[in-house]
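# Coordinate inspection notes
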Amino acid sequence: MLKDITLGQYFPGDTPAHRLDPRTKILLVLLYIIALFCAKSLVSYGLLALTLALCVRISKVGLKSLVRGLKPVLFIIVFTGVLNLFFTPGDVYLLAWGPFRISDTGLRNAVYMVLRIMLLIMGTFLMTYTTSPISLTDGLERLLNGLKRFRFPVHELTMIMSIALRFIPTLIEETDKIMSAQKARGADFESGNLIEKAKAMIPILVPLFISAFRRADELATAMECRCYHGGEGRTKLHILQYQRRDYIALALGTLILGSVIFLHFRGL
């Protein structure tokens, strides 16, 4: 299960998706999320799914990597679908069994909610797969640059996000090593009820927290040794500049959002 957590991983490549400006990709993901919440029909979700499939094809990341990233949140997806399926009232009930009733509205909402969560997660993961944490940090900082006038700590916030994304794969690898070491000592993480499984995680959490704090202390010491003092007066090694492909991508993203909104108001 831990190996299925792919958030924060970056797959290097030289595709049009990789060459896009990170600001463009962040804005495209925002447009995609807005379109997902505006979608109210299978036609709209089909359009968004087709858009995601084309982006996956262009990025050459592979659909298997995106699907594998859904496994850690599979319980949340199924649980959300079940709640919408059995507890949404409607005019026509397709099935009634005691307190559990499935209405036409509940079935429709369950399908839409599951599709929305899956497409949202896969679209967000595709951005992190094709954008390095450093580029993502630079793009977010440039987008939020106007908030510096209000003394908002933009650089510090983006630096925290960059470090968090960078250390997610590291902590997952560390957790896997600790679990393997505990299993070699006879630890059992599979059997027992939910409470017993939670208690069995304590021998993993304690050394994991110790390792995380040790890494954080080493990182802070390394940043101090390199005279890091925040974003004031710092220059950039790579200057972000919009290219023609970025404007084309933003125009296509806006067009897709407009199409979903048009379908929403037409009831299609």
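Since the structure is predicted, the reported quantities are computational estimates derived from the model, not experimental observations.

### Re helix H10 (residues 202–225)
For H10, spanning 24 residues, the distance from its first C-alpha to its last is 35 Å, which sits close to the expected 34 Å at 1.5 Å a residue. Taken together, the buried positions of H10 are Ile204, Leu208 and Ser211. Elements in contact with the buried residues of H10: helix H8 (154–184). Phi for Cys227, located one or two positions after H10, is positive at around 60°.

### A short note on helix H2 (residues 22–38)
Between its terminal C-alpha atoms H2 stretches 24 Å, which fits the 24 Å expected from 17 residues at 1.5 Å a residue. Every buried residue belonging to H2 is among Pro22, Arg23, Thr24, Lys25, Ile26, Val29, Leu31, Tyr32, Ala35 and Leu36, and all of these are buried. Looking at the buried positions of H2, the neighbouring elements they touch are helix H1 (16–19), helix H3 (42–59), helix H6 (104–129), helix H7 (133–143) and helix H11 (244–266). For H2, the capping residue at the N-terminal end is Asp21, with a side-chain oxygen 2.8 Å from the backbone nitrogen of Arg23.

### Quick look at the state of the cysteines
Scanning all chains against the criterion turns up zero disulfides. Residue Cys38 stays outside any disulfide, its sulfur separated by 18 Å from that of Cys55, the closest cysteine.

### What to know about the packing of aromatic side chains
The final tally for this structure, using the stated rule, is six aromatic pairs. For the ring pair Phe125 and Tyr129, a centre distance of 6.0 Å and an interplane angle of 55° mean the geometry is tilted. Residue Phe125 and its partner Tyr129 are both found in helix H6; the two are separated by four residues, about one turn of the helix. Using a relative accessible area of 12% as the deciding quantity, one classes Phe125 as buried. Taking the relative accessible area as the measure of exposure, Tyr129 reaches 0% and is therefore buried. One Lys or Arg, Arg23, reaches over the ring of Tyr242 and ends 4.2 Å from the middle of that ring.

### Focus on the nonpolar core
Ranked by size, the top nonpolar core spans 23 residues in total, and within it Leu48, Leu52, Leu66 and Leu119 carry the most contacts. Only H2, H3, H6 and H11 provide two or more residues apiece to this core. Sorting elements by how many residues they give to this core places H6 first, with eight residues. Those residues in contact with Leu52, other than ones at most four positions away along the chain, are Tyr32, Leu119, Met122, Gly123 and Leu126. Listed in part, the six residues of the second largest apolar core include Ile26, Met127, Leu136 and Leu140.

### Structural notes on the pattern of salt bridges
Under the defined criterion, the tally for this structure stands at four salt bridges. Residue Asp14 is joined to Arg19 by a salt bridge in which the shortest nitrogen-to-oxygen separation is 3.1 Å.

### Section: a nonpolar patch on the surface
A surface patch of nonpolar side chains, amounting to about 840 Å² of accessible area, comprises Phe75, Ile76, Phe79, Leu83, Phe87, Trp97 and Phe100. Among the elements that take part in the nonpolar patch, helix H5 (residues 74–86) stands out by supplying four residues, more than any other. Mapped onto the fold, Trp97 is located in strand E1 (residues 93–97). A relative accessible area of 66% means that Trp97 is categorised as exposed.

### Some remarks on unusual backbone geometry
Unusually for a residue other than glycine, Lys60 sits at a positive phi of about 60°. Looking at where Lys60 falls in the secondary structure, it is placed in the loop between H3 and helix H4 (63–68).

Conventions used here
Residues numbered from 1 in each chain as written. Predicted model: local features only at pLDDT ≥ 70, side-chain atom pairs only at ≥ 80, totals over all residues. Heavy atoms only, no water. Helix = DSSP H or I, 4+ residues; strand = E, 2+ residues; numbered from the N terminus. Expected span 1.5 Å × (residues − 1). Buried < 20%, exposed > 50% of the residue type's maximum accessible area, 1.4 Å probe, protein only. Contact = heavy atoms within 4.5 Å. Polar contact = N/O pair within 3.5 Å; in protein donor to acceptor, adjacent residues only side chain to side chain. Disulfide = S-S within 2.5 Å. Phe/Tyr/Trp six-rings, centres within 6.5 Å; stacked < 30°, edge-to-face > 60°. Lys NZ or Arg CZ within 6 Å of the ring centre and 35° of its normal. Core = buried A, V, L, I, M, F, W, Y, C linked by side-chain atoms within 4.5 Å. Salt bridge = Lys/Arg side-chain N within 4 Å of Asp/Glu carboxyl O. Patch = residues over 30% accessible without salt bridge, like charges linked within 9 Å, V, L, I, M, F, W, Y side chains within 5 Å. Areas by Shrake-Rupley, 256 points an atom, 1.4 Å probe, with all protein chains shown as cover.

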